[in-house]
Amino acid sequence: MRPLLRWMTLLLAVLLTAAACQPSPASPPPSPTAAAPAPPSAASPTPGAAAPIRIGAPFNLTGGMASIDVPAANGARLAAEEINATGGVLGHPLELLIRDTKTDPATAANVVTQLIEQDKVVAVIGFNDSDYVLAAGPICQRAGVPFITVGATSPRLPGQVGDMLFLAPFGDNVQAAVGAEFAFEKFGKTAYLLWDKGAEYTTVLAKYFKARFTELGGTIVLEDTYQSGDKDFSAQIAKVKALPQQPAFYYIAALPDDVGTIVKQFRNAGIAGPIVGGDGYDTPLLIEVAGPAAESVFFTTHSLLTADSPNERVRKFVAAYKQKYGTEPEAVFAALGYDSVYMLAEAIRRAGSTNGRAIQQALENLRDFHGVTGVINYSPQSHIPQKGVTVIEAKGGKFTLAAERVPQKVPAP
């Protein structure tokens, strides 16, 4: 019996060892390497879903442009999630790849290259400033990837980049014309003009304002410039205060990171007249930095986003944004990001394809697209929508509606 007992004991040990080596059904084996945290993105596909349609979304989420690019990225993310909740596009979910370009044109170019070559995006939406579009746009053009800029407003961009580029906003010549006409009628015929000579946006905005204001019969009593990054405007202020008579108003073309500082320093120096500018003022930094000094500041922009807006699309967007992020939209660029994703989704539907040229042609034929920021029409001849302009006044620590206007005449790009 002993040999049989030893044999049975050995067999039992082998069976127990084999059982111990099998993984538990409740505990799948670990992956070979730990997954790195995914970069911020929206509407990522769920396991088992159809292959996603990948959209690149480069934004300056840090640095000087963050106050307007973060809301734009939030608006884009919200749109992608809404679209996916209703079935996606052509039976596929959208995957929005949001990437931080750090307010640096070189980083913008590198990020867009990666989105196209490695992530294989079929289109790009992003950026609220022309300098970043000029850095990234030619890369999209060469790759045949459609690119909708969320908020860059230079009307020269399509000619500088190519036929793959579309603007979601109006052009600077349109908003500058409205700024000139509004200020000429409301404040008077003399103006001081200051702009940031280091940025495409501020340079062209000042140029178009001057062209339309002088055409109306206005006089620029003094022109001056500053450089991006300047924090001390005492030299410019000294020249203004040396004028024999102060102008009726002050037109200052500035980027979001500079607006509050400039306004505060001008007011602290005793310059109390109306200050007028463009959509670079549409940032919470204006009131956060300037505080009470922001009174009597007026600027042109794309819409006034309030919960009690008479526009139903605006009200719905504001409510949806607040539900998701816990706050009302910080800047109008949130709505432009939202509109850009919906426009692109509509173009892909109409194209019935994710081919770049097919999407581009569908965008060129987009008519009567009703967005939060207005009605958008493109054509093969124009990749810039003709929309009305909202004029906002900073009053009582918040933005209020001053006017809704269409320019009487627009300077040529």
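Just so we're clear, the structure is a prediction, and the values are computed from it rather than from any experiment. (Residues numbered from 1 in each chain as written. Predicted model: local features only at pLDDT ≥ 70, side-chain atom pairs only at ≥ 80, totals over all residues. Heavy atoms only, no water.)

**What to know about the packing of helix 2 (residues 66-85) against helix 12 (residues 333-351)**
Between helix 2 and helix 12, whose axes approach to 6 Å, the crossing angle comes to 40°. Here helix 2 is positioned oblique relative to helix 12, judged by the angle of their axes. Where helix 2 crosses over helix 12, the two elements pack in a sense that is right-handed. Each of Ile68, Pro71, Ala72, Gly75, Ala76, Leu78, Ala79, Ala80, Glu82 and Ile83 in helix 2 lies in contact with helix 12, whose residues at this interface are Phe333, Ala334, Gly337, Tyr338, Val341, Tyr342, Ala345 and Arg349. For the contact of helix 2 with helix 12, the residue count by class is 14 nonpolar, 2 polar and 2 charged. (Axes fitted to C-alpha atoms, helices over the stretch in contact; angles between N-to-C directions. Helix = DSSP H or I, 4+ residues; strand = E, 2+ residues; numbered from the N terminus. Parallel < 35°, antiparallel > 145°, perpendicular 65-115°, else oblique. Left-handed = near helix turned anticlockwise from the far one by under 90°. Contact = heavy atoms within 4.5 Å. Nonpolar A, V, L, I, M, F, W, Y, C, P; charged D, E, K, R; others polar.)

**Overview of the pairing of strand 11 (residues 297-301)**
Where burial is concerned, most of strand 11 is hidden: 5 out of the 5 residues are buried. The alternating pattern of strand 11 places Val297, Phe299 and Thr301 and Phe298 and Thr300 on opposite faces, both of which are buried. Where strand 10 (residues 275-277) and strand 11 come together, 3 bridges link them in parallel fashion. Bridged to Val276 within strand 11 is Phe298. As for the winding sense of the linkage, the β-α-β connection from strand 10 through helix 10 (residues 285-290) to strand 11 is right-handed. Pairing analysis gives 5 bridges linking strand 11 to strand 14 (residues 389-395), with the strands arranged antiparallel. (Buried < 20%, exposed > 50% of the residue type's maximum accessible area, 1.4 Å probe, protein only. Pairing = 2+ DSSP bridges. Right-handed = clockwise from strand over helix to strand, strands pointing away.)

**Regarding the pairing of strand 9 (residues 249-253)**
For strand 9, the tally of buried residues reaches 5 of 5 residues, placing the bulk of the element in the interior. Both faces of strand 9 are covered, namely the face carrying Phe249, Tyr251 and Ala253 and the face carrying Tyr250 and Ile252. Pairing of strand 7 (residues 190-196) with strand 9 involves 5 bridges; the strand directions are parallel. Note on strand 9: the bridge partner recorded for Leu193 is Tyr251. In terms of strand pairing, strand 9 meets strand 10 through 2 bridges, oriented parallel. Residue pairing across strands places Tyr251 opposite Val276, the latter belonging to strand 10.

**Concerning the environment of Tyr378**
In this fold, Tyr378 is placed in the loop between strand 13 (374-376) and strand 14. Placed 212 residues apart in sequence, Tyr378 and Phe166 show a C-alpha to C-alpha distance of 8.5 Å. With near-sequence residues (within four places) excluded, Tyr378 lies in contact with Phe166, Leu167, Ala168, Met343, Leu363, Glu364, Leu366, Arg367, His383, Ile384 and Pro385.

**Brief notes about the packing of aromatic side chains**
Across all of its chains, the model carries 21 aromatic pairs by this definition. Geometrically, the ring pair formed by Phe127 and Phe147 is edge-to-face, given 6.4 Å between the ring centres and 70° between the ring planes. Of the two residues, Phe127 sits in the loop between strand 4 (123-126) and helix 4 (130-143) while Phe147 sits in strand 5 (residues 147-149), which places them 20 residues apart along the sequence. For Phe147, a relative accessible area of 1% translates into the label buried. Aromatic pair Phe209 and Phe213: ring centres 5.3 Å apart, planes at 15°, arrangement stacked. With Phe209 and Phe213 both in helix 7 (residues 200-215) and 4 residues apart, the pair spans about one turn of that helix. Grouping residues by exposure puts Phe209 and Phe213 together as buried. Ring-pair connections join several aromatic residues into one group, and the members of that group are Phe182, Phe184, Phe187, Phe209, Phe213, Phe249, Tyr251 and Phe298. (Phe/Tyr/Trp six-rings, centres within 6.5 Å; stacked < 30°, edge-to-face > 60°.)

**Thoughts on the confidence of the model for the chain**
Per-residue confidence for the chain averages 90 on the pLDDT scale, and 88% of its residues sit at or above 70. Ignoring residues within four places in sequence, the model shows residues 1-40, a span with pLDDT below 50, making 5 contacts including any to other chains. (pLDDT = per-residue confidence, 0-100.)

**Focus: the pattern of salt bridges**
Opposite charge on two side chains permits them to pair, given that their charged atoms come into close proximity. Taken as a whole and assessed by the stated rule, the structure comprises 15 salt bridges. Across the salt bridge formed by Arg156 and Glu200, the nearest N and O atoms sit 2.7 Å from each other. In this pair, Arg156 sits in the loop between strand 5 and helix 5 (157-161) while Glu200 sits in helix 7, placing the two residues 44 residues apart along the sequence. Taking the relative accessible area as the measure of exposure, Arg156 reaches 30% and is therefore partly exposed. Residue Glu200 is classed as buried on the basis of its relative accessible area of 14%. Between Glu185 and Arg405 there is a salt bridge, and its shortest N-O distance comes to 3.1 Å. In this pair, Glu185 is assigned in helix 6 (residues 172-186) and Arg405 in strand 15 (residues 398-405), connecting sequence segments 220 residues apart. Because the salt bridges share partners, they merge into one network encompassing Glu181, Arg212, Glu215 and Lys409. (Salt bridge = Lys/Arg side-chain N within 4 Å of Asp/Glu carboxyl O.)

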